[in-house]
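Take a look at the letters that make up each chain.
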Amino acid sequence: MRIDTRGMKHPDPLIKVREIVRGMCTTNVDVEVVVDSCEYGRMISGFAKMSGCRTEVVEEEGLCIVRIKGDMCKCS
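Described in the following lines is the structure provided in the data block. (Residues numbered from 1 in each chain as written. Predicted model: local features only at pLDDT ≥ 70, side-chain atom pairs only at ≥ 80, totals over all residues. Heavy atoms only, no water.)

### Description of the environment of Ala48
The test is simple: Working definition: helices are DSSP H or I runs of at least four residues, strands are E runs of at least two. Numbering for both runs from the N terminus. Only heavy atoms matter for contacts: two residues are in contact if any of them lie within 4.5 Å across the pair.
Mapped onto the elements, Ala48 comes out in helix 2 (residues 38-50). Beyond its immediate chain neighbours, meaning those up to four positions away, Ala48 contacts Cys53, Thr55 and Ile68.

Below, the structure is given as structure tokens:
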């Protein structure tokens, strides 16, 4: 699944990702999140790590992409 949060203002990218992955609680998550800046990417990565997933943050063509994988086990 790919989530595009470009153009959203803080904290909307994090809120959108949190709502989507909460719906995946106890399932294997494989999500890419496209954000305007790596600052947002780091926040999203931190949330995903606290929820039990692995993350990778990469810059591609002026965008930041956060790859989230693993079992979403902490859904708070």
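### Some words on the pattern of salt bridges
Two side chains bearing opposite charge may form a pair once their charged atoms approach each other closely. Using the following cut-off: Every case where a carboxyl oxygen of Asp or Glu lies within 4 Å of a side-chain nitrogen of Lys or Arg is listed as a salt bridge. Using a 1.4 Å probe on the protein chains alone, a residue whose accessible area is under 20% of its type maximum counts as buried, one over 50% counts as exposed, and one in between counts as partly exposed.
Applying the stated criterion to the full structure yields 5 salt bridges. Between Glu56 and Arg67 there is a salt bridge, with its nearest N and O atoms 3.6 Å apart. Of this pair, Glu56 sits in strand 3 (residues 54-60) while Arg67 sits in strand 4 (residues 63-71), and the two are 11 residues apart along the sequence. The salt bridge involving Glu60 is made with Arg67; its shortest N-O contact spans 3.1 Å. Classification of Glu60 by relative accessible area gives partly exposed; the value is 35%.

### Comments concerning the packing of helix 1 (residues 12-22) against helix 2
Put simply, the rule reads: Between N-to-C directions, angles cover 0 to 180 degrees, with each direction set by a line fitted to C-alpha atoms, over the stretch in contact for helices. Each angle receives one of four descriptions, namely roughly parallel if under 35 degrees, roughly antiparallel if over 145, roughly perpendicular if within 65 to 115, and oblique otherwise. By the definition used in this description, the sense in which the near helix is turned from the far one sets the handedness, with an anticlockwise turn below a right angle giving left-handed and a clockwise turn giving right-handed. Think of it as three bins: nonpolar holds Ala, Val, Leu, Ile, Met, Phe, Trp, Tyr, Cys and Pro, charged holds Asp, Glu, Lys and Arg, and polar takes everything else, Gly as well.
Two elements in contact, helix 1 and helix 2, have axes separated by 10 Å at closest approach and are oriented at 30 degrees. If you check the angle between helix 1 and helix 2, you find them roughly parallel. For the pair helix 1 and helix 2, the sense of crossing is right-handed. Contact residues: helix 1 offers Pro13, Leu14, Val17, Arg18 and Val21, while helix 2 offers Tyr40, Met43, Ile44 and Phe47. Split into classes, the residues belonging to the contact of helix 1 with helix 2 amount to 8 nonpolar, no polar and 1 charged.

### A short note on the nonpolar core
Here is the rule: Residues enter a nonpolar core if they are buried and are Ala, Val, Leu, Ile, Met, Phe, Trp, Tyr or Cys, with the set joined through side-chain atoms within 4.5 Å.
Of all hydrophobic cores here, the largest spans 17 residues; its most connected members are Val17, Val29, Val31, Val33, Val35, Ile44 and Ile68. Of all the secondary-structure elements, those providing two or more residues to this core are helix 1, strand 2 (28-35), helix 2 and strand 4. Broken down by element, the residue count for this core peaks at 5 residues, all from helix 2. Not counting residues within four places of it along the chain, the set of residues in contact with Val17 comprises Ile3, Val33, Ile44 and Ile68.

### Observations concerning the pairing of strand 2
Regular strands have side chains that alternate between both faces of the sheet. This is how it is decided: Pairing between strands is defined by DSSP: at least two bridges between them are needed. We call a crossover right-handed when, viewed with both strands directed away from the observer, the connection leading from the first strand over the helix to the second proceeds clockwise.
When strand 1 (residues 2-4) meets strand 2, the two strands line up parallel, connected through 3 bridges. Note on strand 2: the bridge partner recorded for Ile3 is Val33. One crossover worth recording links strand 1 to the parallel strand 2 by way of helix 1, and it is right-handed. Taken together, the 8 bridges between strand 2 and strand 4 define a ladder with antiparallel strand orientation. The partner of Val31 across the bridge, within strand 4, is Ile68.

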